[in-house]
Amino acid sequence: MSDPVRVRGSVVIPDAELRWRFSRSSGPGGQHVNTSDTAAELSFDVAGSAALPKPYKERALQRLAGRLVNGVITIRAEEHRSQLRNREAAKARLSALLAEATAPPPKPRRPTKPSRRVHERRLENKRRRGDVKRGRSGRFDA
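Caption draft 1: The arrangement of the packing of aromatic side chains in detail. Across all of its chains, the model carries one aromatic pair by this definition. Measuring from centroid to centroid gives 6.1 Å for Trp20 and Phe22, while their planes differ by 5°, and the two rings are stacked. Taking the relative accessible area as the measure of exposure, Trp20 reaches 21% and is therefore partly exposed. Just above the ring of Trp20 sits the side chain of Arg87; from NZ or CZ to the centre is 4.5 Å.

This is the structure:
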């Protein structure tokens, strides 16, 4: 049918692990709108997936915890008028979501300290700016 969902690198989710439901899209009416099920709802069992390696699965379960219901993520696409395009949109969103959720954690930030010269220059500029503003006040008592 179509391409499997690519997660990251060579990791792909086969179509067999995806569950689809179709319903009528919301939005304005018109001909054909009340008779076709064009909205696509894609469900993927993250917790029970055999396609995801264990570290990816653990990261995804942790990062997507707020969006999961019993370990299953559900994505609904209804922005297009055709069911096929909505299916493709849902797959693309799932792919992007899983790619972001399985990404390795960012490198920890190593705190740095501004150099002494930069610190002194900043304070000197603040003093100079303060003098300029003080000069605008109209008082001439130096």
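Caption draft 2: Highlighting the nonpolar core. In terms of nonpolar packing, the biggest core is built from 22 residues, with Phe44, Leu64, Ile73 and Leu94 touching the most fellow members. When residues of this core are traced back to their parent elements, those giving at least two are strand 1 (5–8), strand 2 (11–13), strand 4 (39–45), helix 1 (54–63), strand 5 (72–77) and helix 2 (83–101). At six residues, the largest contribution of residues to this core is made by helix 2. Aside from chain neighbours lying at most four places away, what touches Leu64 is Ile73, Leu97, Leu98 and Ala101.

Caption draft 3: Representation of the sheet that holds strand 3 (residues 18–23) in the model. What the three strands build is an open sheet, ordered 3-4-5; its pairing is antiparallel. The sheet is open, and its two edges are formed by strand 3 and strand 5, each paired on a single side. Strand-to-strand twist of the sheet, defined as the mean angle between neighbouring strand axes without regard to direction, takes the value 20°. As judged from the six bridges shared by strand 3 and strand 4, these two strands associate in the antiparallel manner. Looking across to strand 4, one finds that Phe22 is bridged to Ala40.

Caption draft 4: How the structure looks around the confidence of the model for the chain. On average, residues of the chain carry a pLDDT of 87, and 90% of them reach 70 or more. Across the chain, the element-wise mean pLDDT spans from 84 in strand 1 up to 95 in helix 3 (residues 116–135).

Caption draft 5: Focus on the pattern of salt bridges. Under the counting rule described, the total for this entry stands at 10 salt bridges. Ionic pairing is found between Glu58 and Lys54, a salt bridge with its closest N-O pair at 3.4 Å. Residue Glu58 and its partner Lys54 are both found in helix 1; the two are separated by four residues, about one turn of the helix. With relative accessibility at 46%, the residue Glu58 sits in the partly exposed group.

Caption draft 6: Representation of the pairing of strand 1. Where strand 1 and strand 2 come together, three bridges link them in antiparallel fashion. Along strand 2, the bridge assignment pairs Arg8 with Val11. Following strand 1, the chain reverses through two residues before pairing antiparallel with strand 2; Gly9 in that reversal takes a positive phi of roughly 65°.

Caption draft 7: Looking closely at the side chain of Ser95. Mapped onto the fold, Ser95 is located in helix 2. The class for Ser95 is buried, based on a relative accessible area of 18%. With residues near it in sequence (within four places) discarded, Ser95 still touches Val5, Arg6 and Val7.

Cut-offs and rules
Residues numbered from 1 in each chain as written. Predicted model: local features only at pLDDT ≥ 70, side-chain atom pairs only at ≥ 80, totals over all residues. Heavy atoms only, no water. Phe/Tyr/Trp six-rings, centres within 6.5 Å; stacked < 30°, edge-to-face > 60°. Buried < 20%, exposed > 50% of the residue type's maximum accessible area, 1.4 Å probe, protein only. Lys NZ or Arg CZ within 6 Å of the ring centre and 35° of its normal. Core = buried A, V, L, I, M, F, W, Y, C linked by side-chain atoms within 4.5 Å. Helix = DSSP H or I, 4+ residues; strand = E, 2+ residues; numbered from the N terminus. Contact = heavy atoms within 4.5 Å. Pairing = 2+ DSSP bridges. Axes fitted to C-alpha atoms, helices over the stretch in contact; angles between N-to-C directions. pLDDT = per-residue confidence, 0-100. Salt bridge = Lys/Arg side-chain N within 4 Å of Asp/Glu carboxyl O.

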